[in-house]
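Chain by chain, the residues:
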Amino acid sequence: QVQLMESGGGLVQPGGSLRLSCAVSGIALNEYAYGWFRQAPGKEREALGYMSGADSSSAYADSVKGRFTISTDSAENMVYLQMNSLKAEDAAIYYCAAGTPRWSLVGSQLVRHWDQAREYDYWGQGTRVTVSS
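The paragraphs below set out a description of the structure included in this document.

What counts, and at which threshold
- Residues numbered from 1 in each chain as written.
- Predicted model: local features only at pLDDT ≥ 70, side-chain atom pairs only at ≥ 80, totals over all residues.
- Heavy atoms only, no water.
- Core = buried A, V, L, I, M, F, W, Y, C linked by side-chain atoms within 4.5 Å.
- Buried < 20%, exposed > 50% of the residue type's maximum accessible area, 1.4 Å probe, protein only.
- Helix = DSSP H or I, 4+ residues; strand = E, 2+ residues; numbered from the N terminus.
- Contact = heavy atoms within 4.5 Å.

**Side note on the nonpolar core**
Here comes step 1: In this structure, Trp36, Leu81, Met83 and Tyr94 are the most contacted members of the largest nonpolar core, which totals 37 residues.
Here comes step 2: Sorting the residues of this core by element identifies strand 3 (18–25), strand 4 (33–39), strand 5 (46–52), strand 6 (58–60), strand 7 (68–73), strand 8 (78–83), strand 9 (92–99) and strand 13 (127–131) as the ones contributing at least two each.
Here comes step 3: Here the element with the most residues in this core is strand 9; it accounts for 5 residues.

So, in structure tokens, the structure goes:
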């Protein structure tokens, strides 16, 4: 049984930090890529970033670049999202996902379609992050 389980959400003040965890079971960590998404009330699900379990390649959305960092721990089968300098607009339910996002060649550049929810096969249940004073 494949299972992803997020934890670590909660209340944090603006400017604060929080680390979300995603426990992965039922799949080999290094055979998948891991995405983090979030969804706030009334808004579309937003891709935040991803990391390859094979080579640690990563990418981030502009909205979180420089503030959020994804990491993996193969020994513990864990994926993390470190969130720093949190803003009120970061409040949302956060989800981790596992899949094999497709690659395509655009000109001479390889592009991975990591930001599309449909590229991921497995999803966690979500953990809520509240940013408030």
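**Looking at the environment of Ala47**
Here comes step 1: Mapping Ala47 onto the fold places it in strand 5.
Here comes step 2: We classify Ala47 as buried; its relative accessible area is 12%.
Here comes step 3: Ala47 sits 70 residues away from Ala117 along the chain, and the two C-alpha atoms are 7.6 Å apart.
Here comes step 4: Each residue touching Ala47, except ones within four places of it in the same chain, is listed here: Trp36, Phe37, Ala61, Trp114 and Asp115.

**What about the side chain of Glu119?**
Here comes step 1: With respect to the secondary-structure elements, Glu119 resides in the loop between strand 11 (109–112) and strand 12 (120–123).
Here comes step 2: Look past the residues within four positions of Glu119 in its chain and what remains in contact with it is Gly99, Thr100, Pro101, Arg102 and His113.

None of the figures reported here should be taken as evidence of function without further support.
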